[in-house]
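One-letter residues, chain by chain:
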Amino acid sequence: MGLLEGINDPKDLRALTWEELDTLAQEIRQEMIEVVSVNGGHLAPNLGVVELTLALHRIFDSPRDKLIWDVGHQTYTHKLVTGRFAQFRSLRLFRGLSGFPKRSESAHDCFETGHSSTSISAAVGFAKARDFLKEDYHVVAIIGDGAMTGGMAYEALNHAGHSGTNLIVVLNDNNMSISSNVGALSSYLNRLRTDPRYVKRKAEVKDLLKSIPKIGSKVAKVAGNAKSKLKYLLVRGLWFEELGFTYLGLFDGHNSKLLEQVFEFAKQKKGPILLHIITRKGKGYAPAEKKPEVFHGVGPFDLLTGEVIKKQAPPTYTEVFGRTICDIAVRDPKVVAISAAMPTGTGLSQFARQFPERFFDVGIAEQHAVTFAAALAVSGFKPVVAIYSSFFQRAYDQIIQDICLSRANVVLAIDRAGVVGNDGPTHHGLFDISFLRNLPNLTFMVPKDENEFRQMLYTAFKIEGPVAIRYPRSVGQGVTLESSFREIPPGKAELLREGRDLTIIGAGPLVNTCLLAAEQLNIQGVEAAVINLRYLNPLDKELILKYAGLTKRVLTVEDNILGGGMGGAVLELLADEKLSNVAVQRLGYPDFVEQGSISQLHQFYGLSVEGILGAYSKFETRSLRFEGKRKIL
Ligand SMILES: Cc1ncc(C[n+]2csc(CCOP(=O)(O)OP(=O)(O)O)c2C)c(N)n1
């Protein structure tokens, strides 16, 4: 039996010797590598924070003290030492342990995260609540250098520095976001990191910290003296200090003894304090150290070689996006592309290589990305902003104010629309239909397959005004990609199958599921028309009304929350046109959706052939009752 099995609570960590702590760190790394090699997950960020997490849990008293993890993708060690070792093999699986902090999982997960740059805001909230209630605990935000590029982090630093409340920010600086970190702040951190005073005096810092007593009445005085020496010795983080923080750094994030001394010191310190810790992404697993970007969030891989297991499959929608946008940009020099810290994730790496001066990675700054694009568009360029659906939520106001209101020619490429699988509720793209389909001036498209997607992208740059296109995190249908371009007629849906008993309206790749279901229904003698909606805005009212009127039964199928979704748009249309004799059923998600594979989730929520057949059978009884009533009347 290893040490890890005996850790049921962070308190158990405090009994370990330094040697045992080292052994535990190795066991934790082994466990994480093994589990992620099967289940997939955020390996490199987690390997980098093993010592940091253990030190935090030995020095702070979670759950009384609040540990708030930014993004939360680096909480595997935290989970393993807070009583979740037994469930760790279910990490990211359907009904299993979440890959992010989850309040329902443990009291140690004091705040749920998944989206970046919220931890300092949350820390200020916890600290203020504590101050109000005259309670006494520590609040620690752990934020990466990538997350530190997000606007919310500055808003919170601004507030925290001004309020002067006691809180600790641990800046986990591994010099990487998912890809290389970008921007002026990143350069600033880099200057601090490479400051010769830090490089030369690492050893001196260690000695000095040894002189800081852990507890006792003399702490304040001695710590005060030590602090001025520390300031002299350490690199000055003037920028943070100007904001009202005490800055201390830089410290080796893999040196447990040093980390514990630093945290002990920070506990005694009044006011906001920022500890600048240097870690190595992927630490302890050679393939992840070598390719931290690949192992940031990785699917199943071969343990020994570190080779990611790739099934032979059609290209993903993201890959098709990457290729197509390059093809379009070759033809049109005004096309520029913008990513918010995810050039690889959004398929823009090739564009960045091919057109470096026309590519912008703005960091984790979705709001800025959108307004920046709006001004580029107003200046005559044709920007495409590629962001995942759930991260676009950040930029809602900017989409309305800066893009739609002024009809800016911006293409919003909404990747990862619909359920995304094992990252779960923080990452599913369930809301974009609801929050975008009603925006004036915004043309909103959804392709049924990868070739239609390619043609829609081409069409998007032909349309005057803003355009959004949503597409999923999955491989395509395997259809042939036409090399030539053609326009998809704006506002026109596509009738894929005639029928007079039922109209099935689908959007996106689920249209294929609708077609398969229609074939099954046909075997049962039911003639179902299938409409590929293509445009959520403007709606093809004519076609919808025609088939709704003809079949009197409409079933909508969408990879989105039901509230405000595509089915809602159809209902609004039928109500507006007073087609009250049409029965409508909607398939989609009634609520937040948990983690699981995409096909598992589709199956579970009835977005499947069986789900459609089941829905149809309910129609029958309902509409018969309805028809019966009408007869009586
Ligand atoms: C609002 C938002 N945009 C984008 C992401 C995707 N994302 C997850 S982690 C990450 C990089 C974070 O870098 P850093 O904070 O340095 O953490 P590291 O993984 O390097 O430890 C990004 C861009 C996100 N989670 N939230």
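Residues numbered from 1 in each chain as written. Predicted model: local features only at pLDDT ≥ 70, side-chain atom pairs only at ≥ 80, totals over all residues.

Enquirer: Could you give me a rundown of the site of the ligand, with the residues and numbers involved?
Expert: Taken together, 23 residues sit near the ligand, with Pro 45, Ser 116, Gly 144, Gly 146 and Ala 147 positioned nearest. When the residues that make up the shell around the ligand are grouped by side-chain class, the tally is nine nonpolar, 10 polar and four charged. In this structure, the shell around the ligand is formed jointly by two domains, domain 1 (4–290) and domain 2 (317–470), each of which donates at least three residues. (Near = placed C-beta within 6 Å. Nonpolar A, V, L, I, M, F, W, Y, C, P; charged D, E, K, R; others polar. Domains from an automatic or database assignment.)

Enquirer: I'd like a rundown of the pairing of strand β14 (residues 528–532), residues and numbers included.
Expert: Most of β14 sits inside the fold, with five of its five residues counted as buried. Alternating residues of β14 divide into Ala 528, Val 530 and Asn 532 and Ala 529 and Ile 531, and every residue in both groups is buried. When strand β12 (residues 494–497) meets β14, the two strands line up antiparallel, connected through three bridges. Counterpart to Leu 495 in the pairing with β14 is Ile 531. Pairing analysis gives five bridges linking strand β13 (residues 502–506) to β14, with the strands arranged parallel. (Buried ≥ 20, exposed ≤ 12 C-beta atoms within 10 Å, placed from the backbone. Helix = DSSP H or I, 4+ residues; strand = E, 2+ residues; numbered from the N terminus. Pairing = 2+ DSSP bridges.)

Enquirer: Talk me through the nonpolar core; I want residue IDs and the actual numbers.
Expert: The biggest cluster of nonpolar side chains holds 170 residues, and the ones touching the most others in it are Leu 275, Val 385 and Ile 504. The biggest single contributor to this core is helix α2 (residues 18–39), with seven residues. Once residues within four sequence positions are removed from consideration, Ile 504 is found in contact with Cys 514, Ala 517, Ala 518, Ala 528, Ala 529, Val 530, Leu 555, Val 557 and Ile 612. (Core = buried A, V, L, I, M, F, W, Y, C linked by C-beta atoms within 7 Å. Contact = placed C-beta atoms within 7 Å.)

Enquirer: An account of the packing of helix α6 (residues 119–132) against helix α7 (residues 151–163) is needed here, citing residue identities and associated values.
Expert: When two helices pack together, their arrangement is given by the angle between the helix axes and the distance between those axes. At a minimum axis separation of 7 Å, α6 and α7 run at an interaxial angle of 30 degrees. On the basis of their axis angle, the class for α6 and α7 is roughly parallel. Where α6 crosses over α7, the handedness of that crossing is left-handed. Contact residues: α6 offers Ile 120, Ser 121 and Val 124, while α7 offers Met 152, Ala 153, Glu 155, Ala 156, Leu 157, His 159, Ala 160 and Ser 163. Residue classes in the contact of α6 with α7 are distributed as seven nonpolar, three polar and one charged. (Axes fitted to C-alpha atoms, helices over the stretch in contact; angles between N-to-C directions. Parallel < 35°, antiparallel > 145°, perpendicular 65-115°, else oblique. Left-handed = near helix turned anticlockwise from the far one by under 90°.)

Enquirer: Explain α7 residue by residue, including any values.
Expert: In an α-helix there are 3.6 residues to a turn, and that puts residues three or four apart on one side. The terminal C-alpha atoms of α7 lie 19 Å apart, and with 13 residues this matches the ideal 18 Å at 1.5 Å per residue to within 8%. Looking at α7, one finds that the buried residues are Met 152, Ala 153, Ala 156, Leu 157 and Ala 160. One side of α7 holds all its buried residues, which, seen down the axis, span an arc of 135 degrees. Contacts from the buried residues of α7 go to α6, β2 (139–144), β3 (167–173) and β5 (272–278). (Expected span 1.5 Å × (residues − 1). Arc of directions from axis to C-beta.)

Enquirer: Could you give me a rundown of the sheet that holds β13, with the residues and numbers involved?
Expert: Read across the open sheet, the five strands follow the order β12-β14-β13-β16-β17; overall the sheet is mixed. On the outer flanks of this sheet lie β12 and β17 (583–589), each paired with one strand and no other. Each neighbouring strand pair of the sheet contributes to a mean axis angle of 25 degrees, computed without reference to strand direction. Helix α22 (residues 541–551) rests against β12, β13, β14 and β16 (553–561) of the sheet, and its axis sits at about 150 degrees to β13.

Enquirer: How would you explain unusual backbone geometry if you had to name every residue and give the values?
Expert: Omega for the bond connecting Ser 62 with Pro 63 falls within 30 degrees of zero, at 10 degrees, which places this linkage in the cis form. Counting through the fold element by element, Pro 63 comes out in the loop between α4 (50–59) and β1 (66–69). Here Gly 249 and Leu 250 are connected by a cis peptide whose omega angle stands at 0 degrees. A positive phi angle, close to 70 degrees, is found at Arg 92, a residue other than glycine. By the element assignment, Arg 92 lies in the loop between α5 (76–80) and α6.

Enquirer: Account for the sheet that holds strand β6 (residues 335–339), naming residues and giving values.
Expert: Taken in spatial order, the seven strands of this open sheet run β7-β6-β8-β9-β11-β10-β15, and their pairing is mixed. In this open sheet, the two strands that pair with only one neighbour each are β7 (359–361) and β15 (535–537). Strand-to-strand, the axes of this sheet are offset by a mean angle of 20 degrees, without reference to chain direction. Here three bridges tie strand β10 (residues 443–445) to strand β11 (residues 467–470), and the two strands are oriented parallel to one another. What sits directly across from Met 445, in β11, is Ile 469. Along the sheet, helix α14 (residues 317–331) contacts β6, β8 (382–388) and β9 (411–415); its crossing angle with β6, the most-contacted strand, is approximately 150 degrees.

Enquirer: Quick rundown of the domain arrangement of the protein? Include the residues and the values.
Expert: The domain boundaries assigned to the protein delineate domain 1 (4–290), domain 2 (317–470) and domain 3 (494–632). For domain 1 versus domain 2, the distance between C-alpha centres works out to 34 Å. On the domain 2 side, the residues contacting the 19 residues of domain 1 number 17 residues. In terms of residue class, the side of domain 1 that touches domain 2 is built from four nonpolar, 14 polar and one charged.

Enquirer: For the pairing of β2, give the residues involved together with the corresponding values.
Expert: Among the six residues in β2, six count as buried, and that is most of the element. Neither face of β2 is open: one carries Val 139, Ala 141 and Ile 143, the other Val 140, Ile 142 and Gly 144, and all of them are buried. In this structure, β1 lies alongside β2, joined through four bridges in parallel fashion. Counterpart to Trp 69 in the pairing with β2 is Ile 142. In this view, the connection linking β2 to its parallel neighbour β3 by way of α7 has right-handed handedness. (Right-handed = clockwise from strand over helix to strand, strands pointing away.)

Enquirer: Break down the confidence of the model for the protein for me, citing the residues and quoting the values.
Expert: For the protein, per-residue confidence averages 92 on the pLDDT scale, and 92% of positions sit at 70 or higher. Element-level pLDDT for the protein is lowest in helix α10 (residues 219–233), with a mean of 46, against a maximum mean of 99 in β9. Note that residues 213–224 has pLDDT below 50 and, in this model, 10 contacts with residues that lie over four places away or in other chains. Contacts from residues 622–633, a stretch scored under 50 in pLDDT, to residues over four places away or in other chains number five contacts. (pLDDT = per-residue confidence, 0-100.)

Enquirer: Tell me about helix α18 (residues 396–404), and name the residues and values.
Expert: For α18, every residue scored as buried is listed here: Gln 398, Ile 399, Asp 402, Ile 403 and Cys 404. The buried side chains of α18 occupy one side of the element, clustering within an arc of 155 degrees when seen end-on. Residues of α18 that are buried sit in contact with α16 (366–378) and β9.

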